[in-house]
Amino acid sequence: VNPEDARRMRETGLHLMRRMLAVLQIFAVSQFGCATGQVPRTLWQKDQANKDYSPLIKKLELSVERVRQLAMKHQQEDHVISSSDLQDIPLGGRDELTLAVRKELTIALRDLMAHGLYASSQGMSLVLAPIACLIPAFTSSPQTMHPWELFVKYYNTKNGQAFVESPARKLSQSFALPVTGGVAITPKQSLLTAIHTVLTEHDPFKRSADSELKALVCMALNEQRLVSWVNLICKSGALVQSHYQPWSYMANTGFESALNVLSRLSNLKFNLPVDLAVRQLKNIKDAF
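If you're wondering where the values come from, they're calculated on a predicted model, not measured in any experiment.

Draft legend 1. Local environment of the packing of aromatic side chains. Evaluated as defined, the whole model comprises three aromatic pairs. When the ring of Tyr249 is compared with that of Phe255, the centres are 5.3 Å apart and the planes differ by 65°; the resulting orientation is edge-to-face. Phe255 shares its class with Tyr249; the two are buried. Each member of the aromatic cluster is reached from another via a ring pair, and the members are Tyr53, Tyr249 and Phe255.

Draft legend 2. Representation of the pattern of salt bridges within the structure. Per the counting criterion, the structure on display carries nine salt bridges. Residue Glu4 pairs with Arg7 through a salt bridge whose shortest N-O separation is 2.5 Å. Highlighted residues: Glu4 and Arg7, both in helix 1 (residues 3-33), separated by three residues, approximately one helical turn. The shortest N-O distance in the salt bridge between Glu223 and Arg225 comes to 3.9 Å. Taken together, the salt bridges that share partners define one network made up of Glu4, Arg7, Arg8 and Glu11.

Draft legend 3. Geometry of the packing of helix 5 (residues 147-157) against helix 8 (residues 187-202). Two elements in contact, helix 5 and helix 8, have axes separated by 10 Å at closest approach and are oriented at 115°. When you trace helix 5 past helix 8, the crossing you get is left-handed. Only Lys188, Leu191, Leu192, Ile195, His196, Val198 and Leu199 of helix 8 make contact with helix 5, whose side of the interface consists of Trp148, Phe151, Val152, Tyr154 and Tyr155. Across the contact of helix 5 with helix 8, the residue classes break down as 10 nonpolar, one polar and one charged.

Draft legend 4. Here's a closer look at the environment of Leu112. As for its placement among the helices and strands, Leu112 is situated in helix 3 (residues 96-113). Residues Leu112 and Ser248, spaced 136 residues apart in sequence, show a C-alpha to C-alpha distance of 9.4 Å. Setting aside residues up to four positions removed in sequence, Leu112 forms contacts with Tyr53, Leu56, Ile57, Leu60, Tyr249, Phe255 and Ala258.

Draft legend 5. Molecular detail of helix 5. Taken together, the buried positions of helix 5 are Pro147, Trp148, Leu150, Phe151, Tyr154 and Tyr155. The buried residues of helix 5 occupy an angular sector of 155° when the element is viewed end-on, so they sit on one face. Along its buried surface, helix 5 packs onto helix 3, helix 6 (160-164), helix 8, helix 9 (209-222), helix 10 (226-234) and helix 11 (237-243). In the segment just after helix 5, Asn159 is the residue with positive phi, at about 55°.

Draft legend 6. Structural view of the nonpolar core. Leu60, Leu105, Leu109, Phe151, Leu216, Leu221 and Phe255 are the most contacted members of the largest nonpolar core, which has 55 residues in total. Contacts of Leu109, omitting those with residues within four sequence positions, involve Leu60, Val217, Leu226, Val230, Phe255 and Leu262.

Draft legend 7. Structural detail: a nonpolar patch on the surface. Together, Met17, Met20, Leu21 and Leu24 line one region of the surface with nonpolar side chains, adding up to about 390 Å² of accessible area. Of note, Met20 is situated in helix 1.

Draft legend 8. View of helix 2 (residues 54-76). With 23 residues, helix 2 ought to run about 33 Å at 1.5 Å a step, and its terminal C-alpha atoms sit 33 Å apart, in line with that. Within helix 2, burial applies to Ile57, Leu60, Ser63, Val64, Val67, Leu70, Ala71 and His74. As for helix 2, its buried residues are in contact with helix 3, helix 12 (249-253) and helix 13 (256-262).

Draft legend 9. Quick look at the environment of His146. Mapping His146 onto the fold places it in the loop between strand 2 (143-144) and helix 5. A relative accessible area of 18% means that His146 is categorised as buried. Separated by 35 residues in the primary sequence, His146 and Asp111 place their C-alpha atoms 9.1 Å from one another. Here His146 is in contact with Arg110, Leu117, Ala209, Asp210 and Leu213, once residues within four sequence places are set aside. A distance of 3.0 Å separates the side chain of His146 from the backbone nitrogen of Trp148, its partner in a polar contact. One polar contact links His146 to Asp210, side chain to side chain, over a distance of 2.6 Å.

Procedures and definitions
Residues numbered from 1 in each chain as written. Predicted model: local features only at pLDDT ≥ 70, side-chain atom pairs only at ≥ 80, totals over all residues. Heavy atoms only, no water. Phe/Tyr/Trp six-rings, centres within 6.5 Å; stacked < 30°, edge-to-face > 60°. Buried < 20%, exposed > 50% of the residue type's maximum accessible area, 1.4 Å probe, protein only. Salt bridge = Lys/Arg side-chain N within 4 Å of Asp/Glu carboxyl O. Helix = DSSP H or I, 4+ residues; strand = E, 2+ residues; numbered from the N terminus. Axes fitted to C-alpha atoms, helices over the stretch in contact; angles between N-to-C directions. Left-handed = near helix turned anticlockwise from the far one by under 90°. Contact = heavy atoms within 4.5 Å. Nonpolar A, V, L, I, M, F, W, Y, C, P; charged D, E, K, R; others polar. Arc of directions from axis to C-beta. Core = buried A, V, L, I, M, F, W, Y, C linked by side-chain atoms within 4.5 Å. Patch = residues over 30% accessible without salt bridge, like charges linked within 9 Å, V, L, I, M, F, W, Y side chains within 5 Å. Areas by Shrake-Rupley, 256 points an atom, 1.4 Å probe, with all protein chains shown as cover. Expected span 1.5 Å × (residues − 1). Polar contact = N/O pair within 3.5 Å; in protein donor to acceptor, adjacent residues only side chain to side chain.

Have a look at this one:
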């Protein structure tokens, strides 16, 4: 072998050795330096780990009690709030019960579910996670995420659109027939249907995540499924592990005390308007 070929072979060998050592180093760090497949806790800002969620629980308790008192008052007066009663009101939904649900209960639930909630990055999990413990100083804090996006992610992971738009279900909706031969609809099925309804009605008009979450909460109260629907999100391990920080209320408690608080509304009957955020826009669209 002439000297030039020998030099090239030596350079090629050294290059392969460097790549192999780099792979071995990343593997060793991922196995012994940080937990595999997880972003280490040192990446989060230290001051965030001391957040107290007790004020958020108190806020939820107060909003639930207010809604419960108003609902009982309406039932005692034999007065049911329905969307047809609000057609003549320009802004709609100005009664106390609807406002309490949309502007107090939903906001309190949103804030508690948002405690420690973040939007995970696929690039971070696949590329930086194995060596993240070596570069904590150069990593920015994670992006926040709206709780409504959790419901949308649940809908997508459970193939909600395929379930709702299946031929059997469309046929049942057209002729008002039961899909499962008289078997009760499960909470999962009802949640997927509700999320689909909210997305179908609100997304074309570019409504905010707050508006869509308010519509879902109103629908949940109407069907007496608020606790079961929120519980489905809480019991979704993949969502909780991917989007909640270790110090969050959801990761620490499983949302149990909040579900107990929300259960105080389970035995009450509601008939709240669901489409307040899009009613005027739909009316304008229909006019043209």
